[in-house]
Amino acid sequence: MKFSFREARKKDEKLLFDWRNDSCVRKWSFNKKPIIFLDHKKFFNEKINDKNYHMWIFQKNNLPCGLVRINNKGRRAVINYYIDKKFRGRKLSIIMLTLMRKQFCKKFPKTKIYAYTLSENIISTKSLSKAGFNLESTKNEKKTYVYKCN
């Protein structure tokens, strides 16, 4: 099995729209409302051209199976991620998050990577912990996890 990342490309716009609107993704998002395509198109075009914003497609044997988005602001980065519904239940998010943080930390050492999740999202909290992220705080329904790049 071969795992890899590639930068998102313009042709991924529809795929990422579909992933963002998946019912499970919406359920575990802070904003539960479905994404409107015109809003997604605007967001996607802004972010794909932003040098501080990275969208990496996670691939298993060259098949797209997930996405990690990273908003990098100096020594502080915030991630968002999801797995395609066809690939869920295989613990791929742990692999994806581990590979992402290693790759990201090589490019951006001394950066703290923050991940936010709903407290009741047990799968996400386990994935983040197993990928090396540490729980920093719990406030209301939100947990904050951090990974410190060396």
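Caption draft 1: Representation of the environment of Asn71 within the structure. Position of Asn71 among the secondary structure elements: in strand 3 (residues 63-73). For Asn71, a relative accessible area of 21% puts it in the partly exposed group. Sequence separation between Asn71 and Asn61 is ten residues; the distance between their C-alpha atoms is 26 Å. The contacts of Asn71, once residues within four sequence positions are left out, are Asn52, Tyr53, Arg76, Ala77 and Val78.

Caption draft 2: Up close: the sheet that holds strand 3. The strand order across the open sheet built from seven strands is 1-2-3-4-5-7-6, with neighbouring strands paired in mixed fashion. Where the open sheet ends on each side, the last strands, each with one partner, are strand 1 (3-7) and strand 6 (134-139). The average angle at which neighbouring strand axes cross in this sheet is 30°, direction not considered. Helix-sheet contacts for helix 1 (residues 13-20) involve strand 2 (53-60), strand 3 and strand 4 (76-83), and the interaxial angle to strand 3 is about 85°.

What counts, and at which threshold
Residues numbered from 1 in each chain as written. Predicted model: local features only at pLDDT ≥ 70, side-chain atom pairs only at ≥ 80, totals over all residues. Heavy atoms only, no water. Helix = DSSP H or I, 4+ residues; strand = E, 2+ residues; numbered from the N terminus. Buried < 20%, exposed > 50% of the residue type's maximum accessible area, 1.4 Å probe, protein only. Contact = heavy atoms within 4.5 Å. Pairing = 2+ DSSP bridges. Axes fitted to C-alpha atoms, helices over the stretch in contact; angles between N-to-C directions.

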